[in-house]
Amino acid sequence: MRLAVLASGRGSNLQAILDAIAQGRLEARVAAVFSDRAKAGALERARAARIPAESLKPGDFPTREAFDESLFSRIAAVHPDLIVCAGYMRLLGAPQVEAWAGRMINIHPSLLPAFKGLRTHEQALAAGVAVHGASVHFVTCELDGGPVIAQASVPVLPGDDATALAARVLEREHPLLVATLRLFAQGRVALGADGVHVDGRRLQAPLQLGGDLREAAA
Ligand code: GAR
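This structure is a prediction, so every number in the text was calculated from the model and none was measured.

Peer 1: How should the site of the ligand be read in this particular structure?
Peer 2: Inspection of the region around the ligand gives Gly9, Arg10, Gly11, Ser12, Asn13, Gly87, Met89, Ile107, His108, Pro109, Leu170 and Glu173 as its neighbouring residues. Here an oxygen atom of the ligand sits 2.9 Å away from a polar atom, N or O, in the main chain of asparagine 13. Expressed as a share of its isolated accessible area of 450 Å², the protein-covered part of the ligand is 88%. Those elements that provide at least two residues to the shell around the ligand are α1 (12-22), β5 (104-108) and α6 (162-185). Considered class by class, the residues forming the shell around the ligand number four nonpolar, six polar and two charged.

See the structure below:
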């Protein structure tokens, strides 16, 4: 399975993918890493692993559409089976999202459909929920709204601030993303017209890390 990874920031989720591949826990290859920020740590991590890494600056393009066209023509040139948005913080263009439907996933730091968008940990604390977490979902044109494949939950503890909660969630994001990618590598996940299909059956609810996802990905 050839992966193209999009990342805007430090790249710890990318690193989790690279480590899983290096340790033989994930049968995949990261074909290239792309970023909208030249200083993204993810690019450094990719280069350290000898993976082609490229940044495109949105400001260098006349329009948002031109940026997305250029980015996705570069992505297409590395022939990925799957595009993984791992902390990619820009909205994606509708033509590109449609062209890659079922072949592009995103990891989002909340238990979707709760807390879409930014500052999810602050949102969770403000809402006073007892349980928070992360989701891996297919990318559709609705922001953070595509069908959810798998989730990982963490407790919200007394005294938590956004930093502490984010760290607890991030620790679960890494195994969540790797376990979900294992299912893709095994050819067991697909996007159907009626939602996510795993092993040919429509998921009634997202797979749970530590529950059915661990069993499915074992
Ligand atoms: C992760 O927490 C990821 O879930 C989040 O950005 C962080 C990237 O961390 N993604 C989003 O908020 C997407 N809307 P990383 O660069 O260390 O992988």
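Peer 1: Is there a simple way to think about the pattern of salt bridges in this case?
Peer 2: Any two side chains of opposite charge can pair, on the condition that their charged atoms come close. On inspection of all chains with the given rule, the structure shows six salt bridges. Between glutamate 142 and lysine 116 there is a salt bridge whose closest N-O contact spans 3.0 Å. Taken together, the residues glutamate 142 in the loop between β6 (131-138) and β7 (148-155) and lysine 116 in the loop between β5 and α5 (120-127) connect sequence positions 26 residues apart.

Peer 1: Got a minute to help me understand the nonpolar core in this structure?
Peer 2: In a soluble, globular protein the nonpolar side chains are often hidden away together inside. If you look at the biggest cluster of nonpolar residues, it comprises 49 residues, and the most contacted ones within it are Ile17, Val84, Ile105, Ile149, Leu176 and Leu181. It is α6 that provides the largest number of residues to this core, a total of nine residues. With sequence-adjacent residues up to four places away left out, leucine 176 is seen in contact with Ile107, Ala134, Ser135, Val136, Ala150, Gln151, Ala152, Leu209 and Leu213. Of all hydrophobic cores here, the second largest spans 19 residues; its members include Ile83, Tyr88, Met104 and Val139.

Peer 1: How do you make sense of the environment of proline 95 when you look at a structure like this?
Peer 2: Topologically, proline 95 is positioned in helix α4 (residues 94-99). Taking the relative accessible area as the measure of exposure, proline 95 reaches 56% and is therefore exposed. Spatially, the C-alpha atoms of proline 95 and glutamate 44 are 29 Å apart, while their sequence positions differ by 51 residues.

Peer 1: Honestly, the pairing of strand β9 (residues 195-198) in this entry has me stumped. Any pointers?
Peer 2: Each regular strand carries side chains that alternate between the two faces of the sheet. Here strand β8 (residues 189-192) runs beside β9; their pairing, made up of four bridges, is antiparallel. Following the sheet pairing, alanine 190 is matched in β9 by histidine 197. Between β8 and β9, which pair antiparallel and follow one another directly, the connecting turn spans two residues.

Peer 1: What's the story with the packing of α5 against α6 in this structure? I'm lost.
Peer 2: The axes of two packed helices give the description: the angle between them and the distance between them. Running from amino to carboxyl end, α5 crosses α6 at an angle of 115°, the nearest separation of the two axes being 9 Å. Taken together, the axis directions place α5 and α6 in an arrangement best described as roughly perpendicular. Taken as a pair, α5 and α6 cross one another with a handedness that is right-handed. Contact with α5, carried on its side by His121, Glu122, Ala124 and Leu125, involves Ala162, Leu165, Ala166 and Val169 of α6 and no other residues of that element. Class assignment of the residues belonging to the contact of α5 with α6 gives a composition of six nonpolar, one polar and one charged.

Peer 1: Would you explain α6 in this entry?
Peer 2: Given 3.6 residues per turn, any residue in an α-helix points the same way as the ones three and four places further on. For α6, with 24 residues, the first-to-last C-alpha span of 33 Å sits near the 34 Å given by 1.5 Å per residue. Residue glycine 187 follows α6 closely and has a positive phi angle near 70°.

Peer 1: How should I be thinking about the packing of aromatic side chains in this particular structure?
Peer 2: Between two aromatic rings, the relevant description is the distance of the centres plus the angle of the planes. A complete count under the given rule lists two aromatic pairs for this structure. Where phenylalanine 61 meets phenylalanine 67, the ring centres are 5.5 Å apart and the plane angle is 80°; that geometry is what we call edge-to-face. With a centroid separation of 5.8 Å and an interplanar angle of 75°, the aromatic rings of phenylalanine 138 and phenylalanine 184 are classed as edge-to-face. On the criterion of sequence distance, the pair formed by phenylalanine 138 in strand β6 and phenylalanine 184 in helix α6 is long-range, its members being 46 residues apart. Exposure class is identical for phenylalanine 138 and phenylalanine 184. Each is buried. Sitting over the face of the ring of phenylalanine 67, arginine 90 holds its NZ or CZ atom 4.5 Å from the ring centroid. Above the plane of the ring of tryptophan 100 lies arginine 103, whose end atom (NZ or CZ) is 4.1 Å from the centre.

The rules behind these values
Residues numbered from 1 in each chain as written. Predicted model: local features only at pLDDT ≥ 70, side-chain atom pairs only at ≥ 80, totals over all residues. Heavy atoms only, no water. Near = heavy atom within 4 Å. Polar contact = N/O pair within 3.5 Å; in protein donor to acceptor, adjacent residues only side chain to side chain. Areas by Shrake-Rupley, 256 points an atom, 1.4 Å probe, with all protein chains shown as cover. Helix = DSSP H or I, 4+ residues; strand = E, 2+ residues; numbered from the N terminus. Nonpolar A, V, L, I, M, F, W, Y, C, P; charged D, E, K, R; others polar. Salt bridge = Lys/Arg side-chain N within 4 Å of Asp/Glu carboxyl O. Core = buried A, V, L, I, M, F, W, Y, C linked by side-chain atoms within 4.5 Å. Buried < 20%, exposed > 50% of the residue type's maximum accessible area, 1.4 Å probe, protein only. Contact = heavy atoms within 4.5 Å. Pairing = 2+ DSSP bridges. Axes fitted to C-alpha atoms, helices over the stretch in contact; angles between N-to-C directions. Parallel < 35°, antiparallel > 145°, perpendicular 65-115°, else oblique. Left-handed = near helix turned anticlockwise from the far one by under 90°. Expected span 1.5 Å × (residues − 1). Phe/Tyr/Trp six-rings, centres within 6.5 Å; stacked < 30°, edge-to-face > 60°. Lys NZ or Arg CZ within 6 Å of the ring centre and 35° of its normal.

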